[in-house]
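Take a look at the letters that make up each chain.
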Amino acid sequence: MNILYGYELSILQGTLLTLELSILSLLISMILGLLGALGKLSGSKALYRLINAYTTIIRGIPELVLMLLFYYGGQVFINWLAESVGYEEYIDISPFIAGVATISFIYGAYMTETFRGAFMAVPGGQLEAGVSFGMNKIQVFSRILFPQMLKFALPGFGNNWLVMVKATALVSIIGLDDMVRKASLAAGSTNKPFTFYIAIAFIYLLITTVSNKGLAALEKRSNRGERKE
Amino acid sequence: MDFSIIFENIGIYLDGLWTTMQLVGFSLFIGLMIAIPLAILHSVKNPIVNMPVRAYVYFFRGTPLLVQIFIIYYGFGQFEWIKSSSLWYFFENAYFCALFTLTLNTGAYTTEIIRGAIATTPFGEIEAAKSVGMTRLLALRRIILPSALRRAFPAYSNEIIFMLHGSSIVSVITIVDLTGAARIINSRYYSPYEAFITAGLFYLILTLSIVFICKRVEKKIYAHFVRTC
(Lines give C-alpha, C1' and ligand atoms only; values in the text may rest on other atoms or scores of the structure.)
Protein backbone atom coordinates (compact mmCIF):
# COMPACT_ATOMS: atom_id res chain seq x y z
CA MET A 1 0.00 0.00 0.00
CA ASN A 2 1.64 3.15 -1.14
CA ILE A 3 -1.23 5.51 -1.86
CA LEU A 4 0.12 8.09 0.58
CA TYR A 5 3.67 8.15 -0.81
CA GLY A 6 5.15 6.37 2.20
CA TYR A 7 3.48 8.65 4.76
CA GLU A 8 0.87 6.07 5.86
CA LEU A 9 2.58 5.40 9.18
CA SER A 10 3.05 9.09 9.90
CA ILE A 11 -0.64 9.82 9.26
CA LEU A 12 -1.57 6.84 11.42
CA GLN A 13 0.55 8.21 14.28
CA GLY A 14 -1.28 11.51 13.87
CA THR A 15 -4.60 9.70 14.01
CA LEU A 16 -3.60 8.01 17.25
CA LEU A 17 -2.61 11.34 18.74
CA THR A 18 -5.92 12.88 17.68
CA LEU A 19 -7.77 10.00 19.35
CA GLU A 20 -5.63 10.14 22.50
CA LEU A 21 -6.15 13.87 22.78
CA SER A 22 -9.90 13.56 22.19
CA ILE A 23 -10.46 10.76 24.68
CA LEU A 24 -8.33 12.32 27.41
CA SER A 25 -10.06 15.69 26.92
CA LEU A 26 -13.44 13.98 26.96
CA LEU A 27 -12.73 12.39 30.34
CA ILE A 28 -11.48 15.61 31.90
CA SER A 29 -14.27 17.72 30.44
CA MET A 30 -16.83 15.22 31.76
CA ILE A 31 -15.44 15.58 35.26
CA LEU A 32 -15.43 19.37 34.91
CA GLY A 33 -18.95 19.25 33.52
CA LEU A 34 -20.27 17.13 36.38
CA LEU A 35 -18.67 19.39 38.96
CA GLY A 36 -19.95 22.46 37.14
CA ALA A 37 -23.49 21.12 36.90
CA LEU A 38 -23.56 20.11 40.57
CA GLY A 39 -22.13 23.51 41.52
CA LYS A 40 -24.74 25.32 39.46
CA LEU A 41 -27.53 23.30 41.06
CA SER A 42 -26.08 23.36 44.57
CA GLY A 43 -28.18 26.35 45.56
CA SER A 44 -25.20 28.52 46.44
CA LYS A 45 -25.60 31.87 44.69
CA ALA A 46 -21.90 32.69 44.61
CA LEU A 47 -21.04 29.31 43.15
CA TYR A 48 -23.80 29.66 40.56
CA ARG A 49 -22.52 33.05 39.46
CA LEU A 50 -18.95 31.85 39.23
CA ILE A 51 -19.80 28.80 37.11
CA ASN A 52 -22.26 30.76 35.03
CA ALA A 53 -19.52 33.27 34.22
CA TYR A 54 -17.28 30.35 33.21
CA THR A 55 -19.83 28.75 30.89
CA THR A 56 -20.97 32.06 29.37
CA ILE A 57 -17.49 33.38 28.68
CA ILE A 58 -16.10 30.12 27.34
CA ARG A 59 -19.09 29.48 25.11
CA GLY A 60 -18.96 33.05 23.80
CA ILE A 61 -15.38 32.93 22.51
CA PRO A 62 -14.05 30.85 19.61
CA GLU A 63 -11.99 27.77 20.55
CA LEU A 64 -9.08 29.00 18.47
CA VAL A 65 -8.80 32.29 20.37
CA LEU A 66 -8.96 30.47 23.70
CA MET A 67 -6.39 27.99 22.53
CA LEU A 68 -3.97 30.70 21.41
CA LEU A 69 -4.56 32.57 24.68
CA PHE A 70 -3.87 29.50 26.81
CA TYR A 71 -0.92 28.39 24.76
CA TYR A 72 0.94 31.70 24.52
CA GLY A 73 -0.50 33.16 27.71
CA GLY A 74 -0.02 29.99 29.74
CA GLN A 75 3.62 29.94 28.74
CA VAL A 76 4.18 33.49 29.98
CA PHE A 77 2.11 32.87 33.10
CA ILE A 78 3.91 29.67 34.16
CA ASN A 79 7.29 31.28 33.69
CA TRP A 80 6.24 34.38 35.60
CA LEU A 81 4.98 32.11 38.38
CA ALA A 82 8.17 30.05 38.37
CA GLU A 83 10.33 33.14 38.42
CA SER A 84 8.45 34.66 41.33
CA VAL A 85 9.12 31.55 43.44
CA GLY A 86 12.78 31.67 42.47
CA TYR A 87 12.95 29.13 39.66
CA GLU A 88 15.45 30.39 37.11
CA GLU A 89 15.15 28.09 34.13
CA TYR A 90 12.73 28.64 31.26
CA ILE A 91 9.77 26.26 31.34
CA ASP A 92 8.39 25.07 28.04
CA ILE A 93 4.80 23.83 28.18
CA SER A 94 4.35 20.83 25.95
CA PRO A 95 1.77 21.47 23.25
CA PHE A 96 0.06 18.21 24.24
CA ILE A 97 -0.61 19.43 27.77
CA ALA A 98 -1.67 22.84 26.49
CA GLY A 99 -3.98 21.15 23.99
CA VAL A 100 -5.59 18.77 26.47
CA ALA A 101 -5.96 21.51 29.08
CA THR A 102 -7.55 23.96 26.66
CA ILE A 103 -9.94 21.51 25.02
CA SER A 104 -10.99 20.06 28.39
CA PHE A 105 -11.53 23.51 29.83
CA ILE A 106 -13.63 24.62 26.84
CA TYR A 107 -15.74 21.49 26.60
CA GLY A 108 -16.11 21.39 30.37
CA ALA A 109 -18.31 24.46 29.90
CA TYR A 110 -20.46 22.72 27.29
CA MET A 111 -20.63 19.57 29.42
CA THR A 112 -21.70 21.66 32.41
CA GLU A 113 -24.74 22.87 30.51
CA THR A 114 -25.49 19.38 29.17
CA PHE A 115 -25.35 17.76 32.61
CA ARG A 116 -27.23 20.60 34.26
CA GLY A 117 -30.10 20.17 31.81
CA ALA A 118 -30.02 16.41 32.31
CA PHE A 119 -30.10 16.66 36.11
CA MET A 120 -33.07 18.99 35.85
CA ALA A 121 -34.87 16.63 33.47
CA VAL A 122 -35.12 13.85 36.05
CA PRO A 123 -38.72 13.97 37.33
CA GLY A 124 -38.95 15.25 40.89
CA GLY A 125 -41.43 12.51 41.81
CA GLN A 126 -38.72 9.89 41.43
CA LEU A 127 -36.52 11.68 43.95
CA GLU A 128 -39.45 12.01 46.34
CA ALA A 129 -40.16 8.31 45.90
CA GLY A 130 -36.56 7.63 46.94
CA VAL A 131 -36.90 9.81 50.02
CA SER A 132 -40.19 8.15 50.96
CA PHE A 133 -38.38 4.81 50.96
CA GLY A 134 -36.07 6.21 53.58
CA MET A 135 -33.03 6.73 51.35
CA ASN A 136 -30.62 9.41 52.46
CA LYS A 137 -29.36 12.18 50.16
CA ILE A 138 -26.36 10.24 48.94
CA GLN A 139 -28.45 7.18 48.17
CA VAL A 140 -31.02 9.23 46.27
CA PHE A 141 -28.20 10.77 44.26
CA SER A 142 -26.29 7.60 43.47
CA ARG A 143 -29.26 5.28 43.00
CA ILE A 144 -31.82 7.52 41.30
CA LEU A 145 -30.67 10.97 40.24
CA PHE A 146 -27.29 10.08 38.72
CA PRO A 147 -28.28 6.97 36.73
CA GLN A 148 -31.46 8.62 35.47
CA MET A 149 -29.57 11.77 34.54
CA LEU A 150 -27.21 9.82 32.26
CA LYS A 151 -30.06 8.94 29.93
CA PHE A 152 -31.04 12.58 29.48
CA ALA A 153 -27.43 13.67 29.09
CA LEU A 154 -26.61 11.19 26.32
CA PRO A 155 -27.79 13.14 23.23
CA GLY A 156 -26.04 16.35 24.32
CA PHE A 157 -23.00 14.40 25.39
CA GLY A 158 -22.77 12.72 21.99
CA ASN A 159 -23.04 16.03 20.25
CA ASN A 160 -20.30 17.53 22.42
CA TRP A 161 -18.03 14.59 21.64
CA LEU A 162 -18.52 14.97 17.88
CA VAL A 163 -17.83 18.72 18.00
CA MET A 164 -14.82 18.10 20.23
CA VAL A 165 -13.18 15.54 17.95
CA LYS A 166 -13.36 18.06 15.14
CA ALA A 167 -12.08 20.85 17.39
CA THR A 168 -8.93 18.86 18.14
CA ALA A 169 -7.83 19.71 14.59
CA LEU A 170 -6.99 23.16 15.96
CA VAL A 171 -4.12 21.82 18.07
CA SER A 172 -2.14 21.50 14.85
CA ILE A 173 -1.93 25.31 14.90
CA ILE A 174 -0.11 25.30 18.23
CA GLY A 175 2.36 22.76 16.88
CA LEU A 176 0.96 19.48 18.12
CA ASP A 177 1.64 16.53 15.80
CA ASP A 178 -1.97 15.51 15.27
CA MET A 179 -3.48 14.25 12.03
CA VAL A 180 -3.79 17.68 10.46
CA ARG A 181 -0.19 18.64 11.14
CA LYS A 182 1.11 15.30 9.92
CA ALA A 183 -0.89 15.84 6.75
CA SER A 184 0.48 19.37 6.38
CA LEU A 185 4.05 18.14 6.75
CA ALA A 186 3.49 15.36 4.23
CA ALA A 187 1.72 17.75 1.86
CA GLY A 188 4.64 20.14 2.06
CA SER A 189 7.28 17.59 1.17
CA THR A 190 5.34 15.74 -1.54
CA ASN A 191 3.51 18.71 -3.06
CA LYS A 192 0.26 16.74 -2.86
CA PRO A 193 -1.86 18.77 -0.42
CA PHE A 194 -5.21 17.63 -1.79
CA THR A 195 -4.37 13.94 -1.42
CA PHE A 196 -3.33 14.27 2.21
CA TYR A 197 -6.08 16.61 3.39
CA ILE A 198 -8.73 14.46 1.71
CA ALA A 199 -7.19 11.38 3.30
CA ILE A 200 -7.47 12.82 6.81
CA ALA A 201 -10.94 14.18 6.04
CA PHE A 202 -11.98 10.57 5.44
CA ILE A 203 -10.37 9.46 8.69
CA TYR A 204 -12.40 12.12 10.52
CA LEU A 205 -15.50 10.87 8.69
CA LEU A 206 -14.70 7.36 9.84
CA ILE A 207 -14.33 8.51 13.45
CA THR A 208 -17.59 10.48 13.38
CA THR A 209 -19.46 7.65 11.65
CA VAL A 210 -18.29 5.04 14.16
CA SER A 211 -19.12 7.44 17.01
CA ASN A 212 -22.59 8.05 15.60
CA LYS A 213 -23.27 4.32 15.37
CA GLY A 214 -22.01 3.76 18.91
CA LEU A 215 -24.03 6.67 20.29
CA ALA A 216 -27.18 5.49 18.52
CA ALA A 217 -26.74 2.04 20.06
CA LEU A 218 -26.19 3.57 23.50
CA GLU A 219 -29.25 5.76 23.13
CA LYS A 220 -31.33 2.78 22.10
CA ARG A 221 -30.11 0.87 25.12
CA SER A 222 -30.70 3.76 27.50
CA ASN A 223 -34.29 4.08 26.27
CA ARG A 224 -35.07 0.38 26.61
CA GLY A 225 -37.26 1.07 29.64
CA GLU A 226 -39.36 3.64 27.79
CA ARG A 227 -42.93 2.85 26.94
CA LYS A 228 -43.37 2.22 23.20
CA GLU A 229 -46.05 4.29 21.50
CA MET B 1 -0.92 43.88 31.56
CA ASP B 2 -0.64 46.93 29.42
CA PHE B 3 -3.72 47.65 27.38
CA SER B 4 -2.30 50.86 25.91
CA ILE B 5 -0.88 48.81 23.01
CA ILE B 6 -4.45 47.80 22.24
CA PHE B 7 -5.64 51.41 22.15
CA GLU B 8 -2.74 52.35 19.91
CA ASN B 9 -3.60 49.51 17.55
CA ILE B 10 -7.36 49.53 17.83
CA GLY B 11 -7.57 50.17 14.09
CA ILE B 12 -6.24 46.67 13.33
CA TYR B 13 -8.94 45.17 15.53
CA LEU B 14 -11.69 47.25 13.99
CA ASP B 15 -10.56 46.26 10.48
CA GLY B 16 -10.47 42.65 11.68
CA LEU B 17 -13.94 43.00 13.18
CA TRP B 18 -15.21 44.28 9.86
CA THR B 19 -13.62 41.37 7.99
CA THR B 20 -15.13 38.87 10.45
CA MET B 21 -18.58 40.39 10.14
CA GLN B 22 -18.35 40.48 6.35
CA LEU B 23 -17.23 36.86 6.07
CA VAL B 24 -19.85 35.61 8.53
CA GLY B 25 -22.63 37.73 7.06
CA PHE B 26 -21.98 36.77 3.44
CA SER B 27 -21.46 33.08 4.15
CA LEU B 28 -24.58 32.84 6.33
CA PHE B 29 -26.67 34.56 3.68
CA ILE B 30 -25.44 32.49 0.72
CA GLY B 31 -25.41 29.35 2.87
CA LEU B 32 -29.07 29.84 3.78
CA MET B 33 -29.95 30.47 0.15
CA ILE B 34 -28.43 27.15 -0.93
CA ALA B 35 -29.68 25.28 2.14
CA ILE B 36 -33.40 25.83 1.53
CA PRO B 37 -33.50 24.17 -1.92
CA LEU B 38 -31.06 21.47 -0.77
CA ALA B 39 -33.22 20.65 2.25
CA ILE B 40 -36.19 20.20 -0.08
CA LEU B 41 -34.12 17.96 -2.39
CA HIS B 42 -32.97 16.02 0.68
CA SER B 43 -36.61 15.25 1.50
CA VAL B 44 -37.29 13.92 -2.01
CA LYS B 45 -37.61 10.12 -1.89
CA ASN B 46 -35.74 9.41 -5.14
CA PRO B 47 -32.16 8.41 -4.20
CA ILE B 48 -30.68 9.94 -7.37
CA VAL B 49 -31.92 13.30 -6.11
CA ASN B 50 -31.23 12.98 -2.42
CA MET B 51 -27.93 11.04 -2.48
CA PRO B 52 -25.71 13.92 -3.69
CA VAL B 53 -27.27 16.21 -1.08
CA ARG B 54 -26.80 13.60 1.64
CA ALA B 55 -23.16 13.10 0.65
CA TYR B 56 -22.50 16.85 0.72
CA VAL B 57 -24.11 17.30 4.14
CA TYR B 58 -22.39 14.18 5.48
CA PHE B 59 -18.95 15.30 4.36
CA PHE B 60 -19.14 18.88 5.62
CA ARG B 61 -20.70 17.95 8.96
CA GLY B 62 -18.32 15.09 9.58
CA THR B 63 -14.99 16.82 8.99
CA PRO B 64 -13.31 19.75 10.77
CA LEU B 65 -13.68 23.20 9.22
CA LEU B 66 -9.90 23.57 9.37
CA VAL B 67 -9.42 20.53 7.12
CA GLN B 68 -12.07 21.82 4.72
CA ILE B 69 -10.36 25.16 4.39
CA PHE B 70 -7.00 23.43 3.82
CA ILE B 71 -8.47 21.21 1.11
CA ILE B 72 -9.84 24.21 -0.74
CA TYR B 73 -7.06 26.74 -0.18
CA TYR B 74 -4.00 24.46 -0.42
CA GLY B 75 -5.46 21.30 -1.94
CA PHE B 76 -6.95 22.70 -5.14
CA GLY B 77 -3.53 23.95 -6.22
CA GLN B 78 -2.47 20.35 -6.68
CA PHE B 79 -4.49 20.08 -9.89
CA GLU B 80 -2.98 21.48 -13.05
CA TRP B 81 -6.37 21.84 -14.71
CA ILE B 82 -7.61 24.13 -11.94
CA LYS B 83 -4.41 26.11 -11.95
CA SER B 84 -4.52 26.68 -15.69
CA SER B 85 -8.24 27.52 -15.77
CA SER B 86 -9.79 30.86 -15.01
CA LEU B 87 -11.07 29.37 -11.73
CA TRP B 88 -7.58 29.78 -10.34
CA TYR B 89 -8.12 33.53 -10.16
CA PHE B 90 -10.59 32.78 -7.35
CA PHE B 91 -8.92 29.81 -5.69
CA GLU B 92 -5.55 31.48 -5.27
CA ASN B 93 -7.27 34.23 -3.32
CA ALA B 94 -7.36 33.49 0.42
CA TYR B 95 -10.41 35.66 1.06
CA PHE B 96 -12.40 33.91 -1.65
CA CYS B 97 -11.38 30.47 -0.37
CA ALA B 98 -12.36 31.43 3.17
CA LEU B 99 -15.75 32.68 2.04
CA PHE B 100 -16.25 29.63 -0.18
CA THR B 101 -15.44 27.16 2.62
CA LEU B 102 -17.49 28.95 5.26
CA THR B 103 -20.45 29.09 2.88
CA LEU B 104 -20.27 25.38 2.03
CA ASN B 105 -19.87 24.55 5.71
CA THR B 106 -22.81 26.57 6.97
CA GLY B 107 -24.82 25.45 3.92
CA ALA B 108 -24.44 21.82 5.03
CA TYR B 109 -25.35 22.45 8.67
CA THR B 110 -28.30 24.64 7.69
CA THR B 111 -29.55 22.03 5.22
CA GLU B 112 -29.61 19.51 8.04
CA ILE B 113 -31.44 21.94 10.35
CA ILE B 114 -34.12 22.75 7.77
CA ARG B 115 -34.41 19.10 6.68
CA GLY B 116 -35.08 18.15 10.29
CA ALA B 117 -37.75 20.84 10.56
CA ILE B 118 -39.43 19.74 7.32
CA ALA B 119 -39.40 16.11 8.47
CA THR B 120 -41.18 17.00 11.71
CA THR B 121 -43.97 19.00 10.10
CA PRO B 122 -47.20 17.98 11.87
CA PHE B 123 -49.32 15.68 9.66
CA GLY B 124 -52.37 17.82 10.31
CA GLU B 125 -50.83 20.79 8.52
CA ILE B 126 -50.10 18.75 5.39
CA GLU B 127 -53.50 17.09 5.51
CA ALA B 128 -55.19 20.48 5.84
CA ALA B 129 -53.29 21.72 2.78
CA LYS B 130 -54.35 18.62 0.82
CA SER B 131 -57.94 18.92 1.93
CA VAL B 132 -58.28 22.42 0.50
CA GLY B 133 -56.90 21.11 -2.78
CA MET B 134 -53.38 22.56 -2.76
CA THR B 135 -50.87 20.96 -5.11
CA ARG B 136 -47.66 19.64 -3.55
CA LEU B 137 -45.67 22.65 -4.70
CA LEU B 138 -48.23 25.12 -3.40
CA ALA B 139 -48.41 23.28 -0.07
CA LEU B 140 -44.64 23.39 0.14
CA ARG B 141 -44.53 27.11 -0.52
CA ARG B 142 -47.47 28.17 1.62
CA ILE B 143 -47.59 25.63 4.43
CA ILE B 144 -44.58 23.36 4.84
CA LEU B 145 -41.72 25.82 4.30
CA PRO B 146 -43.05 28.73 6.39
CA SER B 147 -43.89 26.33 9.19
CA ALA B 148 -40.54 24.50 8.96
CA LEU B 149 -38.43 27.65 8.75
CA ARG B 150 -40.14 29.02 11.82
CA ARG B 151 -39.48 25.85 13.78
CA ALA B 152 -35.89 25.75 12.52
CA PHE B 153 -35.08 29.17 13.90
CA PRO B 154 -33.83 28.25 17.41
CA ALA B 155 -31.36 25.74 15.93
CA TYR B 156 -30.40 28.25 13.27
CA SER B 157 -29.51 30.90 15.85
CA ASN B 158 -27.03 28.39 17.27
CA GLU B 159 -25.63 27.96 13.78
CA ILE B 160 -25.08 31.73 13.51
CA ILE B 161 -22.95 31.66 16.66
CA PHE B 162 -21.19 28.54 15.43
CA MET B 163 -20.28 30.38 12.23
CA LEU B 164 -19.04 33.44 14.09
CA HIS B 165 -16.73 31.23 16.13
CA GLY B 166 -15.79 29.03 13.19
CA SER B 167 -14.77 32.05 11.14
CA SER B 168 -11.79 32.58 13.46
CA ILE B 169 -10.12 29.74 11.53
CA VAL B 170 -9.66 31.95 8.48
CA SER B 171 -6.78 33.63 10.34
CA VAL B 172 -4.82 30.44 9.65
CA ILE B 173 -4.81 31.16 5.91
CA THR B 174 -3.37 34.67 6.33
CA ILE B 175 -6.64 36.59 6.56
CA VAL B 176 -6.65 39.36 9.14
CA ASP B 177 -9.99 38.90 10.83
CA LEU B 178 -10.48 39.55 14.57
CA THR B 179 -8.33 36.55 15.49
CA GLY B 180 -5.80 37.48 12.81
CA ALA B 181 -5.56 40.97 14.32
CA ALA B 182 -4.88 39.45 17.74
CA ARG B 183 -2.19 37.21 16.30
CA ILE B 184 -0.47 40.20 14.70
CA ILE B 185 -0.50 42.15 17.97
CA ASN B 186 0.73 39.12 19.90
CA SER B 187 3.65 38.51 17.59
CA ARG B 188 4.52 42.20 17.36
CA TYR B 189 4.55 42.94 21.11
CA TYR B 190 4.71 39.43 22.57
CA SER B 191 1.68 40.24 24.68
CA PRO B 192 -0.67 37.25 24.48
CA TYR B 193 -3.02 38.39 27.25
CA GLU B 194 -3.80 41.82 25.87
CA ALA B 195 -3.98 40.57 22.29
CA PHE B 196 -6.22 37.54 22.74
CA ILE B 197 -8.35 38.84 25.61
CA THR B 198 -9.25 41.86 23.48
CA ALA B 199 -10.26 39.63 20.56
CA GLY B 200 -12.15 37.39 22.99
CA LEU B 201 -14.08 40.37 24.33
CA PHE B 202 -15.07 41.41 20.83
CA TYR B 203 -16.32 37.89 20.11
CA LEU B 204 -18.13 37.73 23.44
CA ILE B 205 -19.94 41.00 22.74
CA LEU B 206 -20.85 39.81 19.24
CA THR B 207 -22.08 36.46 20.59
CA LEU B 208 -24.20 38.03 23.32
CA SER B 209 -25.65 40.54 20.83
CA ILE B 210 -26.60 37.71 18.45
CA VAL B 211 -28.22 35.79 21.32
CA PHE B 212 -30.14 38.91 22.32
CA ILE B 213 -31.35 39.66 18.80
CA CYS B 214 -32.29 36.02 18.15
CA LYS B 215 -34.36 35.92 21.34
CA ARG B 216 -36.25 39.01 20.16
CA VAL B 217 -36.83 37.51 16.73
CA GLU B 218 -37.96 34.25 18.31
CA LYS B 219 -40.49 36.10 20.42
CA LYS B 220 -41.80 37.75 17.30
CA ILE B 221 -42.15 34.63 15.17
CA TYR B 222 -43.64 32.61 18.02
CA ALA B 223 -46.01 35.43 18.98
CA HIS B 224 -49.04 33.44 17.85
CA PHE B 225 -48.16 30.66 20.33
CA VAL B 226 -48.31 32.94 23.34
CA ARG B 227 -51.40 32.33 25.40
CA THR B 228 -52.84 35.50 26.81
CA CYS B 229 -55.44 33.93 29.10
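So, how was this worked out
Residues numbered from 1 in each chain as written. Chains lettered and ligands numbered in written order. Predicted model: local features only at pLDDT ≥ 70, side-chain atom pairs only at ≥ 80, totals over all residues. Helix = DSSP H or I, 4+ residues; strand = E, 2+ residues; numbered from the N terminus. Contact = placed C-beta atoms within 7 Å. Buried ≥ 20, exposed ≤ 12 C-beta atoms within 10 Å, placed from the backbone. Nonpolar A, V, L, I, M, F, W, Y, C, P; charged D, E, K, R; others polar. Axes fitted to C-alpha atoms, helices over the stretch in contact; angles between N-to-C directions. Parallel < 35°, antiparallel > 145°, perpendicular 65-115°, else oblique. Left-handed = near helix turned anticlockwise from the far one by under 90°. Expected span 1.5 Å × (residues − 1). Bend = angle between axes of the 7 residues up to and from the residue. Core = buried A, V, L, I, M, F, W, Y, C linked by C-beta atoms within 7 Å. pLDDT = per-residue confidence, 0-100.

**So, the overall build of chain A**
Then, number 1: Across its full length, chain A carries eight helices and zero strands.
Then, number 2: N-terminal to C-terminal, the α/β element order of chain A is α-α-α-α-α-α-α-α.
Then, number 3: In terms of overall dimensions, chain A has C-alpha extents of about 70 × 55 × 25 Å along its principal axes.
Then, number 4: Put simply, 75% of the contacts in chain A that link residues at least 6 apart link residues at least 24 apart.

**Regarding the overall build of chain B**
Then, number 1: In terms of regular secondary structure, chain B is built from 11 helices and zero strands.
Then, number 2: Along chain B, helices and strands appear, N-terminal first, in the series α-α-α-α-α-α-α-α-α-α-α.
Then, number 3: On the principal axes, the C-alpha backbone points of chain B span a range of 70 × 60 × 25 Å.
Then, number 4: Looking at the 229 residues of chain B, the share that counts as buried comes to 40%.

**Some points on the interface of chain A and chain B**
Then, number 1: Counting from both sides, the interface comprises 29 residues of chain A and, opposite them, 32 residues of chain B.
Then, number 2: Counting residues per element, the ones that place at least two in the side of chain A that touches chain B are helix H2 (45–60), helix H3 (63–84), helix H7 (179–190) and helix H8 (193–222) of chain A.
Then, number 3: Here the side of chain A that touches chain B takes 10 residues from H8(A), the largest share from any one element.
Then, number 4: A per-class count over the side of chain A that touches chain B returns 22 nonpolar, four polar and three charged.

**Describing the environment of Arg221(A)**
Then, number 1: Within the secondary structure layout, Arg221(A) lies in helix H8.
Then, number 2: For the pair Arg221(A) and Leu21(A), spaced 200 residues apart in sequence, the C-alpha to C-alpha distance is 27 Å.

**Quick word on the packing of helix H2 (residues 10–43) of chain B against helix H3 (residues 47–62) of chain B**
Residues and elements named next belong to chain B.
Then, number 1: Orientation of H2 relative to H3, taken along the N-to-C sense of each, is 125 degrees, at an axis distance of 7 Å. By the angle class used here, H2 and H3 are oblique. Here the hand of the crossing between H2 and H3 comes out left-handed. The segment H2 lies against H3, with Leu38, Leu41 and His42 engaging Val49, Asn50, Val53 and Arg54.

**Digging into helix H4 (residues 95–121) of chain A**
Then, number 1: With 27 residues, H4(A) should cover 39 Å at 1.5 Å per step; its first-to-last C-alpha distance of 38 Å lies within 8% of that length.
Then, number 2: The sharpest bend along H4(A) reaches about 25 degrees and sits at Gly108(A).

**Concerning the nonpolar core**
Then, number 1: The biggest cluster of nonpolar side chains holds 102 residues, and the ones touching the most others in it are Val65(A), Tyr197(A), Ile200(A), Leu66(B), Val67(B), Ile69(B) and Ala199(B).
Then, number 2: Contact partners of Val67(B), with chain neighbours within four places excluded, come to Ala169(A), Val180(A), Tyr197(A), Ile200(A), Ala201(A) and Tyr204(A).

**Some remarks on the packing of H2(B) against helix H7 (residues 94–119) of chain B**
Residue and element names in this part refer to chain B.
Then, number 1: It is at 6 Å that the axes of H2 and H7 come closest, and there the two elements cross at 40 degrees. Between H2 and H7, the angle is such that the two are oblique. As for the relative orientation of H2 and H7, their crossing is right-handed in sense.
Then, number 2: Of the residues assigned to the contact of H2 with H7, the class counts are 16 nonpolar, nine polar and one charged.

**Concerning unusual backbone geometry**
Peptide bonds are mostly trans, and most non-glycine residues show a negative phi.
All names here are of chain B.
Then, number 1: The phi dihedral of Thr174 is positive, around 70 degrees, even though this residue is not glycine.
Then, number 2: If you trace the backbone, Thr174 turns up in the loop between helix H9 (136–166) and helix H10 (178–189).
Then, number 3: Residue classification places Thr174 among the exposed residues on the basis of 11 C-beta atoms within 10 Å.
Then, number 4: Although it is not a glycine, Tyr190 sits at a positive phi angle of roughly 50 degrees.
Then, number 5: With respect to the secondary-structure elements, Tyr190 resides in the loop between H10 and helix H11 (192–221).

**Some thoughts on the environment of Gly214(A)**
Then, number 1: Residue position: Gly214(A) is located in helix H8.
Then, number 2: Residues Gly214(A) and Asn136(A) lie 78 residues apart in sequence; the distance between their C-alpha atoms is 35 Å.

**A closer look at the environment of Ile57(A)**
Residues and elements named next belong to chain A.
Then, number 1: Secondary-structure assignment places Ile57 in helix H2.
Then, number 2: The exposure class assigned to Ile57 is partly exposed, which follows from the 15 C-beta atoms found within 10 Å.
Then, number 3: In this structure, the C-alpha to C-alpha distance between Ile57 and Ile106, residues 49 residues apart in sequence, is 9.7 Å.

**Focus: the confidence of the model for chain B**
Then, number 1: Confidence along chain B averages 92 in pLDDT terms, with 98% of residues attaining 70 or more.
Then, number 2: Interface predicted TM-score (ipTM) for the complex: 0.90; the corresponding pTM is 0.91.

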